[in-house]
Amino acid sequence: MQHTNQDRDDIVITGLGAVSPFGHGVDPLWDALVAGRSGVHELDRPGDLWASVPIRVGADAALDADAALGRVRAQRLDRSQQLALVASGEAWADAGRPDVDPERLAVVLGTGIGGIETLLDAHDELGRNGARRVSPRAVPMLMANGAAAQVSIELDARAGAYTTVSACASGAEAIAMAARLIRTGEADVVVAGGTEAAVTPVTMASFAQSQALAKPNGDDPTTLSRPFDRDRRGFVLGEGAGIVVLERASHARARGARVHAVLAGWGITADAFHITAPRADGSGQERAMTQALRMGGLTGSDVDHVDAHATGTPVGDASEAAAIARVVGRGAVVTAPKSAIGHMFGAAGAVETILTVRSLETGIVPPTRNLQHQDPAVDLDVVSGTARTLPIRAALNNAFGFGGQNASLLLTRA
């Protein structure tokens, strides 16, 4: 295994925080995935709009926002902002609440859609009762940068509150951008990740109409998300937030912080091909992975594990599998967490970065649920059935989004 440039001050991850279908906290999420449990279920939502949605299966976050944030505060935040604040609080505490100059502390959060629940509720209120009943807080709750702004206010982060909006790549791009801020000297510590709360009738109906959602067929809902399986037929929409704290290794050492992992490299590319479909050959995804490896001074043979984007769509999984095979071959153990937690859209890349970090720390790769008949075209060593234990020195985390936006993060053991 090659090594990163020892003259460079590595960028490290010192804090982890998450909200998922398994509740608040990284530990409940990790324990559930290692055990092979699923957070996917039937959505029991009232109202005529939900009744008209043809597919009502999802993986929404298990969070009582009133209990976590207080009722008054929670009511003044969109659901995506609630998730981000709770996850960032855990990550900040896990990092030891760094004593950092506020002007050297930044926030970068990704989201695919932003405060869509607030937007839809405000639109309905306007139609029912007129303009005077629309909340004056609607705009700060629905704006895409609202979550980053709220976290920056909470932590007194004054070096910038940035928002990446690149569909399913948003969370991973946020982490890459955070690393750039540290690398260029614009910040010493950055709180970064992604949040999404888009399990709404409009998004569910649109994804269903585009044939992107897995259709129930009398199935147990937990079996619908089937990445890399021969019988895959679409994704399940998820909800959650994943937040990490990044800083230079020297900065972490100086304050005696625990280091979870090293962010050794990243690659961001665009397919420039189609608004929803990837290039069939996976060339844009391959370039993202290759760029990340080049930045980290590694080659494909050094990679022990890949956390795949793998949403369960026929075309998407095939193109990614081909790209992974060309970059790392069968030498890397692959998993697809969306089989258990659904597709969290803008939060996916960040939440799965946390899972990749945990795999590096523990040497455990959670299984891909529902992988009963691996697609013969997927020439990869995909973990199924039960978790696998192995030495993991370097891992890739992939996040690819609508618009042809590709992000790959290279993480190495601390």
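Worth saying up front: this structure is predicted, and the values here are computed from it rather than measured.

1. Focus: the overall build of the protein chain
Reasoning step 1: Secondary structure assignment for the protein chain yields 15 helices and 17 strands.
Reasoning step 2: The C-alpha radius of gyration computed for the protein chain amounts to 20 Å, which stays within 12% of the reference 22 Å derived for 414 residues, consistent with globular compactness.
Reasoning step 3: Considering only C-alpha atoms, the protein chain reaches an extent of 65 × 55 × 40 Å along its principal axes.
Reasoning step 4: For the protein chain, buried positions account for 60% of its 414 residues.
Reasoning step 5: When contacts within the protein chain are restricted to residue pairs at least 6 apart in sequence, those whose partners lie at least 24 apart make up 79%.
Reasoning step 6: For the protein chain, the exposed area adds up to about 15,600 Å²; of that, 49% sits on carbon and sulfur atoms.
Reasoning step 7: Across the protein chain, 37 positive and 46 negative side-chain charges occur, with their mean positions spaced 1 Å apart.

2. Describing the nonpolar core
Reasoning step 1: Within the largest apolar cluster, 51 residues are counted, with the highest numbers of intra-cluster contacts made by L29, I175, V190, L246 and L263.
Reasoning step 2: Here the element with the most residues in this core is helix α9 (residues 170–183); it accounts for eight residues.
Reasoning step 3: Excluding its chain neighbours within four sequence positions, the residues that come into contact with L263 are I11, V12, I175, A179, L246, L409, L410 and L411.

3. A closer look at the side chain of E239
Reasoning step 1: Looking at the element boundaries, E239 is found in the loop between β8 (237–238) and β9 (240–248).
Reasoning step 2: With a relative accessible area of 4%, E239 lands in the buried category.
Reasoning step 3: Within the structure, E239 has its side chain in polar contact with the backbone nitrogen of A61 (distance 2.7 Å).

4. Things to note about the pairing of strand β17 (residues 405–413)
Reasoning step 1: The element β17 is extensively covered by neighbouring structure, given that seven of its nine residues are classed as buried.
Reasoning step 2: As defined by bridge partners, strand β10 (residues 261–270) adjoins β17 across nine bridges and the pair is classed as antiparallel. When the sheet's bridge partners are listed, I268 is paired in β17 with A407.
Reasoning step 3: Relative to β17, strand β16 (residues 394–401) runs antiparallel, the two being bridged by eight bridges. If you follow A395 over to β17, its bridge partner there is L411.
Reasoning step 4: Hairpin geometry of β16 and β17 is characterised by an intervening segment of three residues between the two adjacent antiparallel strands and by a positive phi of about 95° at G403.

5. Things to note about the pattern of salt bridges
Reasoning step 1: Counted under the stated rule, the structure contains 21 salt bridges.
Reasoning step 2: Between D27 and R358 there is a salt bridge, with the nearest N and O atoms lying 2.7 Å from each other. Placement of D27 in helix α1 (residues 26–35) and of R358 in helix α15 (residues 348–362) is noted, with a sequence separation of 331 residues between them.
Reasoning step 3: When its relative accessible area of 41% is taken as the criterion, D27 is described as partly exposed.
Reasoning step 4: The exposure class of R358 is buried, given its relative accessible area of 16%.
Reasoning step 5: Among the ionic pairs, E286 bridges to R326, the shortest N-O distance being 2.8 Å. Here R326 lies in helix α13 (residues 314–328) and E286 lies in helix α12 (residues 283–296), a separation of 40 residues in the sequence.
Reasoning step 6: Taken together, the salt bridges that share partners define one network made up of D9, R104, D188 and R248.

6. Examining the sheet that holds strand β3 (residues 41–42)
Reasoning step 1: If you walk across this open sheet you meet the three strands as β3-β4-β8, and the pairing is mixed. Each end of this open sheet is capped by a strand with a single partner; those strands are β3 and β8.
Reasoning step 2: Bridge analysis of β3 against strand β4 (residues 57–59) gives two bridges, and the strand direction is antiparallel. The partner of E42 across the bridge, within β4, is V57.

7. Some points on the packing of helix α5 (residues 79–94) against helix α8 (residues 146–155)
Reasoning step 1: Remark: α5 packs on α8, axes separated minimally by 9 Å, with the N-to-C direction vectors making an angle of 40°. Of the possible angle classes, the one that applies to α5 and α8 is oblique. Handedness of the crossing formed by α5 with α8: right-handed. Residues S80, Q81, A84, L85, S88 and W92 of α5 lie in contact with α8, whose contacting residues are G146, A147, Q150, V151, E154 and L155.
Reasoning step 2: Looking at side-chain class alone, the contact of α5 with α8 contains six nonpolar, five polar and one charged residues.

Cut-offs used in this document
Residues numbered from 1 in each chain as written. Predicted model: local features only at pLDDT ≥ 70, side-chain atom pairs only at ≥ 80, totals over all residues. Heavy atoms only, no water. Helix = DSSP H or I, 4+ residues; strand = E, 2+ residues; numbered from the N terminus. Rg over C-alpha atoms; globule rule 2.2 N^0.38 Å. Buried < 20%, exposed > 50% of the residue type's maximum accessible area, 1.4 Å probe, protein only. Contact = heavy atoms within 4.5 Å. Areas by Shrake-Rupley, 256 points an atom, 1.4 Å probe, with all protein chains shown as cover. Lys, Arg positive; Asp, Glu negative; His and termini not counted. Charge placed at Lys NZ, Arg CZ, Asp CG, Glu CD. Core = buried A, V, L, I, M, F, W, Y, C linked by side-chain atoms within 4.5 Å. Polar contact = N/O pair within 3.5 Å; in protein donor to acceptor, adjacent residues only side chain to side chain. Pairing = 2+ DSSP bridges. Salt bridge = Lys/Arg side-chain N within 4 Å of Asp/Glu carboxyl O. Axes fitted to C-alpha atoms, helices over the stretch in contact; angles between N-to-C directions. Parallel < 35°, antiparallel > 145°, perpendicular 65-115°, else oblique. Left-handed = near helix turned anticlockwise from the far one by under 90°. Nonpolar A, V, L, I, M, F, W, Y, C, P; charged D, E, K, R; others polar.

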